[in-house]
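Structural description and commentary
So you can see what is in the structure, the chains are spelled out below.
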Amino acid sequence: MRTIIEPFRIKVVEPIRMTSREERAKLIRHAGYNPFRLKAENVLIDLLTDSGTGAMSTHQWAGVMEGDESYAGARSFFKFEAAVRGIFGHAHVIPTHQGRASERLLCRAVVKPGDVIPGNTHFDTTRANIEDAGAEARDLVIAEGRDPDLDHPFKGNIDLAALERCLAEAGRERVPFVLITVTNNSGGGQPVSMANLTGARALCDRFGVPLLLDAARFAENAYFIKLREPGYGDKTPRGIAREMFALSDGVMMSMKKDAFGNIGGVISINSDEWADKVRTLLILTEGFITYGGLAGRDLEALAIGIEEILDEDYLKYRIASTAYVGNNLSAAGVPLLKPIGGHAVYLNGRKFCDHIPNEQLPGWSLSVALYEHVGVRACEIGNVMFGTQDPKTGAWTWPALDLVRLAIPRRTYTQSHMDYVVEGIAELYQHREEIRGLRFVHRPAVLPHFTATFEQV
Ligand code: F0G
């Protein structure tokens, strides 16, 4: 097979700055050993997130010029609404400034203390917003999804038997909605099958509970269905996406991923009652109902981006180029989560640093070492992000997986950038026993990873 090439050429470039190892050792120490606290200009290749970090197309930039900045009823809103409705198909399209704003608005509007929100794996801000509303965020991903070494085509699937038990136990009074995240970011960027969504829909119908999708990476999920699910090989990504969303009552989406936006989000729902409540809150904190905290130019860029993402040549390149990184790392013996996800490769922190105990945060320590070694910034999704400490005994509970995510921004880096990343990590793996563990100096109570500080053990 021929090399799958980047289906674009480069028209504008942004310089990146080389740093020395000594410089980086100092910079990360000053940052309290927290890669989130580094200045981005001191990062060579930034794989912290694929959120808001993609490159916009010529069409999107042209759209920026077309942005209508009218406070109410802007032309750009109607273009946005049509594009979103054309894919999701719900009655109400409500723009928000990003995914977590959608989460907060919807949780404030319809979640009450004591509720349970079942899902495959809730993203960290989703979980935090659910908990902030006094409810429980319950992760019910299939058992295969918790085993990092197991190959399975749809590791993002929700465990339907567990969902059924949860719905039977809590009932529609305590479950305002089920939320399935496509692809399952916190579980490794793994897709959810159409069969699984159909099964969840049937259970939701039986118990009279709405089914919502967190659609941050819906196009990647649709393409995985095309590649892996029998009967979908000849369908278009758009057709598959339409079929996925036809099973849902609503969507929350961060449009900073699969809409090629630098900023933006949306709530798309069928319920008039929920839409009313959300719009009231929207006006209170985000802005009028036709802009939701975004500029008209953002709405234009998003309306174009959400169409572009469904381009089959793009999705083929996207999935193949992420797999390229993962397969090359795997060939070098580096332990990682399998199969390779859509937007990211996840290193297995505990296996990579098997000399570092959980208390010394193996995944986080690896992300620090990676920055020091080659200037690549990655994000731990593991012990620091999800570990919890019993306030009475001080005992820690660690999450099932301690991963380090190499999230690949869309249309931003070339294959040689990725070759450099692979070489750097393979080298680090050869010298892994030199990686030192870390301990907390300061651990904030909510979403600790963003601002925590550490010291070397
Ligand atoms: N849902 C999912 C599945 C996400 O991955 C994110 C963000 C959000 C919701 C929240 O959206 O950032 O626009 O407020 N994920 C980013 C990441 C931050 O790095 O994975 P947001």
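Residues numbered from 1 in each chain as written. Predicted model: local features only at pLDDT ≥ 70, side-chain atom pairs only at ≥ 80, totals over all residues. Heavy atoms only, no water.

Helix length check: helix α14 (residues 362–374), at 13 residues, gives a terminal C-alpha distance of 18 Å against a target of 18 Å (1.5 Å per residue), a fit within 8%. Judged by how many residues are buried, α14 sits mostly within the fold: 13 of 13 residues are covered. In the segment just after α14, Gly375 is the residue with positive phi, at about 80°. (Helix = DSSP H or I, 4+ residues; strand = E, 2+ residues; numbered from the N terminus. Expected span 1.5 Å × (residues − 1). Buried < 20%, exposed > 50% of the residue type's maximum accessible area, 1.4 Å probe, protein only.)

Take the site of the ligand next. Around the ligand, a shell composed of 17 residues is seen, among which Thr49, Arg100, Asp214, Lys257 and Arg405 lie nearest. Within the side chain of Asp214, an N or O atom sits 2.6 Å from a nitrogen atom of the ligand. At 2.9 Å, a side-chain N or O of Lys257 approaches a nitrogen atom of the ligand. In isolation the ligand has 470 Å² of accessible area, and contact with the protein removes 94% of it. Per-element accounting of the shell around the ligand gives the leading share, three residues, to helix α4 (residues 99–110). Considered class by class, the residues forming the shell around the ligand number two nonpolar, eight polar and seven charged. (Near = heavy atom within 4 Å. Polar contact = N/O pair within 3.5 Å; in protein donor to acceptor, adjacent residues only side chain to side chain. Areas by Shrake-Rupley, 256 points an atom, 1.4 Å probe, with all protein chains shown as cover. Nonpolar A, V, L, I, M, F, W, Y, C, P; charged D, E, K, R; others polar.)

This part is about the domain arrangement of the protein chain. Partitioning the protein chain into domains gives domain 1 (21–50 + 311–456) and domain 2 (58–308). Between domain 1 and domain 2, the residue contacts involve 29 residues of the former and 35 residues of the latter. Buried area between domain 1 and domain 2, summed over both chains or domains, comes out near 2,700 Å², and the portion from carbon and sulfur atoms is 57%. Looking only at domain 1, the three residues that lose the most surface to domain 2 are Leu315, Pro339 and Arg410, adding up to 20% of its buried area. Summed over the shared surface of domain 1 and domain 2, the result is seven salt bridges. In this structure, the connection of domain 1 to domain 2 is made through 20 residue pairs in polar contact (both at pLDDT 80 or more). Residue assignment for the side of domain 1 that touches domain 2 shows that the elements contributing at least two residues are α12 (312–331), β9 (344–348) and α15 (383–386). In terms of residue count, the dominant contributor to the side of domain 1 that touches domain 2 is α12 (six residues). (Domains from an automatic or database assignment. Contact = heavy atoms within 4.5 Å. Buried area = accessible area lost by both parts, 1.4 Å probe. Salt bridge = Lys/Arg side-chain N within 4 Å of Asp/Glu carboxyl O.)

Here the residue pair Val182 and Thr183 is connected by a cis peptide bond, since its omega of -20° sits within 30 degrees of zero. Secondary-structure assignment places Thr183 in the loop between β5 (178–181) and α7 (194–207). The linkage connecting Lys338 with the following residue, Pro339, adopts the cis geometry, with an omega of -10°. With respect to the helices and strands, Pro339 occurs in the loop between α12 and β9.

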